[in-house]
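# A closer look at the structure
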Amino acid sequence: MGALAWTIYRPEHLVVIRGIGVFDIHFATSFREAMREEGAAGFCKLFDLSRADIHLSNEDLQTMVASTRLRGPIQSGPIAIYLGRTPPPLLVDMAILLRERIGHRRRVRLFTDESLARRWLAAEGPAVNLPQEFLQLPSRQTMSASLRR
């Protein structure tokens, strides 16, 4: 299988993620770190998962949600997840589960039309980028420990 990759469009404050691959905790972690390093955490993000699979365990979802909660008031850019015109039911179920677990702390919407996803992102607009020290996340062990409390 190929790989997911991203392209940062700085003038548009947009990051597009696409490819043939697997969206899993390893990809999500490397993507999050890259966005912090590139100063693009607040950019709008279009995840084109129309040719990808989502592989996230319950623990992976908890880790991702914990990292979102631990950031406190920090705003990240909106996320549009494009699933394709006729996505497989399992992909839809995983995307819905991910969106519901993240909750209202992030602006996340699912789409079966890429042009609608782009229009929504344009209307939502990017978040204001905050200084790097505010974007530091604890290690996975710290996040796992915080979940046990």
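With mixed pairing, the five strands of this open sheet are ordered in space as β1-β2-β4-β6-β7. Strand pairing shows two members of the sheet lacking a second neighbour, β1 (4-9) and β7 (108-111), which therefore form its edges. Taken over all neighbouring pairs, the strand axes of this sheet differ in orientation by 15° on average, direction set aside. Pairing analysis gives four bridges linking strand β2 (residues 14-19) to strand β4 (residues 44-48), with the strands arranged parallel.

A separate point is the nonpolar core. The nonpolar side chains of soluble globular proteins are, as a tendency, buried together. Phe23, Phe47, Leu49, Ile54, Leu56 and Ile81 are the most contacted members of the largest nonpolar core, which has 29 residues in total. Going through the elements one at a time, β2, α1 (25-38), β5 (52-55), α2 (58-70), β6 (79-82), α3 (89-102) and β7 are the ones with two or more residues in this core. Top contributing element to this core by residue count: α1, with six residues. Apart from residues lying up to four places away in sequence, leucine 49 is in contact with Leu4, Phe23, Ile54, Ile81, Tyr82 and Leu91. With 10 residues, the next largest nonpolar core counts Ala80, Tyr82, Ala117 and Trp120 among its residues.

Our next topic: the environment of valine 16. Mapped onto the elements, valine 16 comes out in strand β2. In this structure the C-alpha to C-alpha distance between valine 16 and phenylalanine 47, which are 31 residues apart in sequence, comes to 6.1 Å. With near-sequence residues (within four places) excluded, valine 16 lies in contact with Ala5, Trp6, Thr7, Tyr9, Leu46 and Arg118.

Moving on, we get to the confidence of the model for the protein chain. Looking at the protein chain as a whole, the pLDDT averages 81, with 79% of positions reaching at least 70. Segment residues 129-149 is flagged for pLDDT under 50; beyond a separation of four residues in sequence, or across chains, it makes 34 contacts in the model.

Our next topic: the packing of aromatic side chains. One pass over the full model with this rule turns up seven aromatic pairs. Centroid distance tryptophan 6 to phenylalanine 31: 5.2 Å. Interplanar angle 75°. Geometry classified as edge-to-face. Taken together, the residues span a long stretch of sequence, with tryptophan 6 in strand β1 and phenylalanine 31 in helix α1 at a distance of 25 residues. Judged by relative accessible area, which is 29%, tryptophan 6 ranks as partly exposed. For phenylalanine 31, a relative accessible area of 6% translates into the label buried. A ring pair is formed by phenylalanine 31 and phenylalanine 47, whose centres lie 5.3 Å apart and whose planes are at 70°; its orientation type is edge-to-face. Of this pair, phenylalanine 31 sits in helix α1 while phenylalanine 47 is found in strand β4, placing the two residues 16 residues apart along the sequence. Like phenylalanine 31, the residue phenylalanine 47 is buried in the burial classification.

Procedures and definitions
Sequence order sets the numbering: in each chain, residues are counted from 1 along the sequence as written. In keeping with the predicted nature of the model, local features appear solely for residues at pLDDT of at least 70, side-chain atom pairs appear and are counted solely at 80 or more, and the whole-chain, interface and lining totals rest on all residues. As a rule here, side-chain values come from all non-hydrogen atoms in the structure, and water together with hydrogens is ignored. Any two strands with at least two DSSP-identified bridges between them are counted as paired. Strands here are runs of E lasting at least two residues and helices are runs of H or I lasting at least four, both read from the DSSP assignment and numbered beginning at the N terminus. Here the axes come from fitting lines to C-alpha atoms, over the contacting stretch only for helices, and the angles between their N-to-C directions go from 0 to 180 degrees. Among buried residues, the Ala, Val, Leu, Ile, Met, Phe, Trp, Tyr and Cys ones that are joined through side-chain atoms within 4.5 Å form a nonpolar core. Between buried and exposed lies partly exposed: a residue is buried under 20% and exposed over 50% of the maximum accessible area for its type, with that area taken using a 1.4 Å probe on protein chains only. What makes two residues a contact is simply this: any of their non-hydrogen atoms within 4.5 Å. The score called pLDDT rates the predictor's confidence residue by residue, from a low of 0 to a high of 100. Here is the rule: rings of Phe, Tyr and Trp (six-membered ring for Trp) pair when centre to centre is within 6.5 Å. Planes less than 30 degrees apart are stacked, more than 60 are edge-to-face, and the remainder are tilted.

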